[in-house]
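In case you want the letters, here they are:
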Amino acid sequence: MKWEENVRKVVPYTPGEQPQREGVIKLNTNECPYPPAPGVQRKIAKLEADKMRLYPAFPEKTDLAAELAAYYHINKDQIFIGVGSDDVLSVAFMTFFQSGKPVLFPDITYSFYDVWADVYKIPYETKALDENFRIRTEDYKQPNGGVIFPNPNAPTGILMDLDKVEEIIAANRDVVVIVDEAYVDFGGVSALPLIEKYDNLLVVQTFSKSRAMAGMRIGYAMGHPKLIQYLNDVKYSVNSYTMNYTALELGVESVRDEAYFKECCGKIMKTREKAEKELAGLGFTFPKSYSNFIFASHKKIPAQVIFDKLKENDIYVRHWNKDRIENYLRITIGTDEEMEALYAALEKICG
Ligand SMILES: *Cc1c(COP(=O)(O)O)cnc(C)c1O
């Protein structure tokens with residue numbers, strides 16, 4: 001068909017499978033195995049259907065912005081809120097990476113970055129992680145159109161020291177550096193304090209992993225008020241009302257319950273410690289994880305084989321047929337019970 005010549009053609013991001021059957025052990029998309037804060041459940045009953053007649057509030061004017069600002073000891077004008085961090089990152093790509101020079105990110109990283117670069121026609125260059133899957137800061141000291149990396153990195157779970165993060169930000173004062181902190185609450189160190197020192201730093205976080213609210217779609221970016229203003233300008237030029245009433249109301253309750261949040265992250269880190277021992281005992285090797293998943297490779301059995309056999313047992317983990325990582329599985333930390341079922345299945349497959 002002739003019109004196809006003028007279509008924007010993209011290879012979309014492939015998310016992890018979302019099986020809807022009961023009884024599946026889902027360790028493939030880094031969701032939290034525990035429910036959101038109890039206040040979220042209580043608040044649901046108080047939401048008013050009548051409020052849905054109206055367009056939702058502007059996120060930056062809501063209690064959610066105020067609550068997040070108070071939590072992080074920053075001002076409301078230093079926060080941008082979007083529909084999950086995917087929305088935030090997508091708007092950030094559109095807003096900040098316009099120089100025509102290549103945006104830099106690691107070769108092994110969140111596999112949405114190259115998709116956004118492609119869809120927005122932003123040139124990019126990937127920089128190979130070293131043989132231990134670590135970011136080489138030297139690679140990010142060349143002329144570029146911007147820098148983005150997750151810390152801890154995904155899917156490796158490796159945390160980069162804050163002084164190295166700062167080294168990259170400081171070496172790139174003429175472009176925007178985005179640190180994607182989707183997993184920072186599981187033992188990482190946030191670059192957030194650096195936003196006071198560097199007006200080119202955008203720190204992005206999400207409610208999807210550590211706050212057990214992936215289904216609500218809440219993400220946010222923190223940085224200099226000018227960065228935030230530019231993000232809002234682009235956001236309001238595409239779709240003004242992105243955040244729905246329900247998400248804005250429920251997000252507040254999550255932030256208010258810090259004790260529950262800390263408890264949840266603590267439980268996951270404890271289960272992770274146990275998982276490290278179990279997986280090592282089963283013949284897996286993996287880098288030390290600072291996230292809610294472990295990126296593991298078996299010494300003898302190919303990852304694809306393990307992946308397929310686990311799936312036959314209704315246990316879903318993540319595997320990529322991608323250069324350098326085809327022999328790794330990314331295993332989300334579930335509840336202790338879910339992990340016991342995983343170890344038992346792995347014992348049969350690898351034992
Ligand atoms: C999960 C994830 C995101 C996106 O999460 P949202 O659900 O859109 O907030 C962004 N970056 C990384 C590295 C992730 O793993």
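This one's a predicted model, so the numbers in the text were calculated from it and none came from an experiment.

(A) Structural view of the overall build of the chain. Scanning the chain from N- to C-terminus turns up 10 helices and 12 strands. By the compact-globule yardstick of 20 Å for 351 residues, the chain fits well, its C-alpha radius of gyration being 20 Å. For the chain, the C-alpha atoms occupy an extent of roughly 55 × 55 × 50 Å along the three principal directions. The contacts in the chain between residues at least 6 apart in sequence include a share of 72% that link residues at least 24 apart. Carbon and sulfur atoms make up 51% of the accessible area of the chain, which amounts to about 16,400 Å² in all. Of the charged side chains in the chain, 43 are positive and 50 negative; the average position of the first set lies 1 Å away from that of the second.

(B) Looking closely at unusual backbone geometry. Of the consecutive residues Asn 151 and Pro 152, the connecting peptide bond is found in the cis state with omega at -5 degrees. Within the element layout of this structure, Pro 152 appears in the loop between strand E5 (147-150) and helix H5 (162-170). Phi is positive for Ala 212, close to 55 degrees, though the residue is something other than glycine. Mapping Ala 212 onto the fold places it in the loop between strand E7 (201-206) and strand E8 (219-223). On the accessibility criterion, Ala 212 (16% relative accessible area) is buried. Its identity is not glycine, yet Asp 314 carries a phi of approximately 65 degrees, on the positive side. Mapped onto the secondary structure, Asp 314 falls in the loop between helix H9 (303-312) and strand E11 (315-316). Look at Asp 314 and you get partly exposed, because its relative accessible area is 24%.

(C) Structural view of H5. Along H5, the residues that are buried comprise Val 165, Glu 166, Ile 168 and Ile 169. Projection of H5 onto a plane perpendicular to its axis shows the buried side chains occupying an angular sector of 160 degrees, all on one side. Residues of H5 that are buried sit in contact with E5, strand E6 (177-180) and E7.

(D) How the structure looks around the domain arrangement of the chain. Assigned domains of the chain: these are domain 1 (17-36 + 259-350) and domain 2 (38-256). The C-alpha-based centres of domain 1 and domain 2 are spaced at 25 Å. Contacts between the two partners involve 28 residues from domain 1, matched on the other side by 31 residues from domain 2. Overall, the association of domain 1 and domain 2 removes approximately 2,300 Å² of surface from exposure, summing both partners, and the carbon and sulfur fraction of that is 65%. Of all residues in domain 1, Phe 261, Tyr 290 and Arg 324 bury the most surface against domain 2, accounting for 31% of the area lost on that side. For the interface between domain 1 and domain 2, the tally reads one salt bridge. Where Arg 324 meets Asp 107, a salt bridge forms, and the shortest distance between an N and an O atom there is 2.8 Å. If you look at where domain 1 meets domain 2, you find seven residue pairs in polar contact (both at pLDDT 80 or more). The element that contributes the greatest number of residues to the side of domain 1 that touches domain 2 is helix H8 (residues 258-281), accounting for seven residues.

(E) Representation of the sheet that holds strand E12 (residues 329-332) within the structure. The strand order across the open sheet built from three strands is E9-E10-E12, with neighbouring strands paired in antiparallel fashion. The open sheet is flanked by strand E9 (284-285) and E12, the only strands paired with a single partner. Pairing of E9 with strand E10 (residues 293-298) involves two bridges; the strand directions are antiparallel. Pairing of Phe 284 across the sheet is with His 298, part of E10.

(F) Here's a closer look at the packing of aromatic side chains. Enumeration over the complete set of coordinates arrives at 22 aromatic pairs. Ring geometry for Phe 93 versus Trp 116: centroids 5.5 Å apart, planes at 50 degrees, classification tilted. Taken together, the positions of Phe 93 in helix H3 (residues 84-96) and Trp 116 in helix H4 (residues 113-119) put the pair 23 residues apart, joining distant regions of the chain. Note on accessibility: Phe 93 and Trp 116 belong to one class, buried. When the ring of Tyr 183 is compared with that of Phe 293, the centres are 4.9 Å apart and the planes differ by 85 degrees; the resulting orientation is edge-to-face. Of this pair, Tyr 183 sits in the loop between E6 and E7 while Phe 293 sits in strand E10; the two residues are 110 residues apart in sequence, bridging distant segments of the chain. Accessibility assignment for this pair places Tyr 183 and Phe 293 in one class, buried. An aromatic cluster of at least three residues, connected via ring pairs, comprises Tyr 13, Phe 93, Phe 97, Phe 105, Tyr 110, Phe 112, Tyr 113, Trp 116 and Tyr 124. Across the ring face of Tyr 71, the terminal group of Arg 211 is positioned such that the distance to the ring centre comes to 5.4 Å. Lying across the ring of Tyr 236, Lys 235 places its NZ or CZ 4.5 Å from the centre.

Conventions we followed
Residues numbered from 1 in each chain as written. Predicted model: local features only at pLDDT ≥ 70, side-chain atom pairs only at ≥ 80, totals over all residues. Heavy atoms only, no water. Helix = DSSP H or I, 4+ residues; strand = E, 2+ residues; numbered from the N terminus. Rg over C-alpha atoms; globule rule 2.2 N^0.38 Å. Contact = heavy atoms within 4.5 Å. Areas by Shrake-Rupley, 256 points an atom, 1.4 Å probe, with all protein chains shown as cover. Lys, Arg positive; Asp, Glu negative; His and termini not counted. Charge placed at Lys NZ, Arg CZ, Asp CG, Glu CD. Buried < 20%, exposed > 50% of the residue type's maximum accessible area, 1.4 Å probe, protein only. Arc of directions from axis to C-beta. Domains from an automatic or database assignment. Buried area = accessible area lost by both parts, 1.4 Å probe. Salt bridge = Lys/Arg side-chain N within 4 Å of Asp/Glu carboxyl O. Polar contact = N/O pair within 3.5 Å; in protein donor to acceptor, adjacent residues only side chain to side chain. Pairing = 2+ DSSP bridges. Phe/Tyr/Trp six-rings, centres within 6.5 Å; stacked < 30°, edge-to-face > 60°. Lys NZ or Arg CZ within 6 Å of the ring centre and 35° of its normal.

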